[in-house]
Amino acid sequence: MARTLPRLVSSSTARWVALAGVVGWPWRRSRHVGVSHCEASAKTVAESSWTRNLLFIAPSGFWADDYWYDLQMERRLPLTRDLLREFIFALPPLGASHRVCDLGCGTGRSAAALQAAYPMARLTLVDPDEGRLSLARRKLSEAEASDGSSCVSCIAAAVHADGQPLPGSLPEGYDCILALQAVRHIVAPPPHYAAKLQLETVAGEAICAGYARMFAGLYASVKPGGHVFIGDHVVHQHPGVFQHCKLLEAAGFTDIDVAWRQNDWFVIGARRPVT
């Protein structure tokens, strides 16, 4: 008697799979990454099709768009939610007497979280992208300091890894500098960001040198006894977590430690010594 193969899928599933093969649905293609797939992806990107949203590999997505970026960040990079939470937990108490710089504030995710935790801190948002800076400003409530002035100010300015103090720095420096997914983009802007803001891109050994200059600039921008917090994830050619700590130490910081780490995501805190 002839033997039959076991039935591995239901008839309804088989019909769906067959239909996908006929119409060539994008989700089916996205399961198989090869040369032809990459070529198709590049063509899709060039055409600015909505199907750029279906793939989670570069260069998919619309990262240059302010609202898309804000909407899709946690969906495409789920650990950014944990990163932001642990970043805020790592901060020391920040009150009305503290000036805090949110470096590369983007669309205001870290600024809004900080304001919810410490609503009286005087917050300065710094970002070269006026569209994202405007979106960040609208996210924040109109909190006022004890003297009636606004707790939030915005500076639309490019920051360079040149060892110079940050925009808005007073002679006494900031009490705290927040750099959530910022240092990496300042040192080596990704292609979509560099093209949007006409920034130079760097690669190779220049990246590590850029971090050293960037940390020197942070040191010059924070007051003695003040803190710097960096939250990001390790990517190719950029310093790892241990190297971040060594570069911060070389810049003069003390009390350097890793507050949180999961996979390649991390939060590092450091302090400029009083003397």
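Each value, and the rule that gives it
- Residues numbered from 1 in each chain as written.
- Predicted model: local features only at pLDDT ≥ 70, side-chain atom pairs only at ≥ 80, totals over all residues.
- Heavy atoms only, no water.
- Phe/Tyr/Trp six-rings, centres within 6.5 Å; stacked < 30°, edge-to-face > 60°.
- Helix = DSSP H or I, 4+ residues; strand = E, 2+ residues; numbered from the N terminus.
- Buried < 20%, exposed > 50% of the residue type's maximum accessible area, 1.4 Å probe, protein only.
- Salt bridge = Lys/Arg side-chain N within 4 Å of Asp/Glu carboxyl O.
- Expected span 1.5 Å × (residues − 1).
- Arc of directions from axis to C-beta.
- Contact = heavy atoms within 4.5 Å.
- Pairing = 2+ DSSP bridges.
- Right-handed = clockwise from strand over helix to strand, strands pointing away.
- Axes fitted to C-alpha atoms, helices over the stretch in contact; angles between N-to-C directions.
- Parallel < 35°, antiparallel > 145°, perpendicular 65-115°, else oblique.
- Nonpolar A, V, L, I, M, F, W, Y, C, P; charged D, E, K, R; others polar.
- Polar contact = N/O pair within 3.5 Å; in protein donor to acceptor, adjacent residues only side chain to side chain.

An unreviewed UniProt entry annotates the chain as Methyltransferase domain-containing protein originating from Durusdinium trenchii.

1. Section: the packing of aromatic side chains
Each aromatic ring pair is specified by the distance between its two centres and by the angle formed by the two planes. Considering all chains together, one arrives at five aromatic pairs under this definition. When the centroid spacing of 6.1 Å and the interplanar angle of 70° are considered together, the rings of F62 and W68 count as edge-to-face. Consider the rings of Y219 and F253, whose centres lie 5.2 Å apart with planes at 80°: the pair is edge-to-face. With Y219 in helix α10 (residues 205–221) and F253 in the loop between α11 (241–251) and β6 (254–262), the pair connects residues that are 34 residues apart, well separated along the chain. On the basis of relative accessible area, F253 is assigned to the buried category, the value being 3%.

2. Regarding the pattern of salt bridges
Counted by the stated rule, this structure contains 11 salt bridges. Residues R109 and E74 are paired through a salt bridge, measuring 3.3 Å at the closest nitrogen-oxygen approach. Here R109, found in helix α6 (residues 109–117), pairs with E74, found in helix α4 (residues 66–76); they are 35 residues apart in sequence, far enough to count as distant. Residues E249 and K246 are paired through a salt bridge, measuring 3.1 Å at the closest nitrogen-oxygen approach. Separated by three residues within a single helix, E249 and K246 lie in helix α11, roughly one turn from each other.

3. A closer look at the environment of G240
For G240, the location among the structural elements is in the loop between β5 (222–233) and α11. For G240 and D264, which are 24 residues apart along the polypeptide, the C-alpha to C-alpha distance reads 8.5 Å.

4. Quick look at α10
Across its 17 residues, α10 extends 25 Å between first and last C-alpha, which sits within 8% of the 24 Å expected from 1.5 Å per residue. Residues of α10 that are buried include every one of I207, G210, Y211, M214, F215, G217, L218 and S221, and no others. Viewed along the axis of α10, the buried residues span an arc of 155°, placing them on a single side of the element. Buried residues along α10 sit against β1 (99–103), β4 (174–180), α8 (183–187), β5 and α11.

5. Examining the pairing of β1
Most of β1 is tucked away, with five of its five residues classed as buried. Because side chains alternate across β1, one face comprises the buried residues R99, C101 and L103, and the other comprises V100 and D102, equally buried. Taken together, the five bridges between β1 and strand β2 (residues 122–126) define a ladder with parallel strand orientation. Bridge pairing in β2 links V100 to L123. Following the chain from β1 across α6 to the adjacent parallel β2, one finds a crossover that is right-handed. Bridge count for β1 against β4 is three bridges, and the pairing is parallel.

6. Observations concerning the sheet that holds strand β7 (residues 265–271)
Taken together, seven strands build an open sheet; the order of strands is β3-β2-β1-β4-β5-β7-β6 and the sheet is mixed. In this open sheet, the two strands that pair with only one neighbour each are β3 (152–155) and β6. Looking at each pair of strands side by side, their axes are set apart by 15° on average, direction ignored. Along the sheet, α11 makes contact with β5, β6 and β7, crossing β7 at roughly 15°.

7. Some points on unusual backbone geometry
The phi dihedral of Q181 falls on the positive side, at around 50°, and the residue is not glycine. Relative to the elements of secondary structure, Q181 occurs in the loop between β4 and α8. With a relative accessible area of 8%, Q181 lands in the buried category. In the Ramachandran plot, Q237 falls in the positive-phi region, its phi being about 75° despite a non-glycine side chain.

8. So, the packing of α4 against helix α7 (residues 130–139)
Running from N to C, α4 and α7 cross one another at 55°; their axes reach a closest spacing of 9 Å. For the element pair α4 / α7, the angle class is oblique. Judged by residue contacts, D66, Y67, Y69 and D70 of α4 engage G131, R132, L135, R138 and K139 from α7. When grouped by side-chain class, the residues that make up the contact of α4 with α7 number three nonpolar, one polar and five charged.

9. Some thoughts on α4
Along α4, the positions that sit buried rather than exposed are D66, W68, Y69, Q72, M73 and R76. End-on, the buried residues of α4 take up no more than an arc of 135°, which puts them together on one face. Counted as exposed and oriented over 90 degrees from the buried face of α4: Y67 and L71. For α4, the N-terminal capping position is held by D65, with its side-chain oxygen 3.2 Å away from the main-chain nitrogen of Y67.

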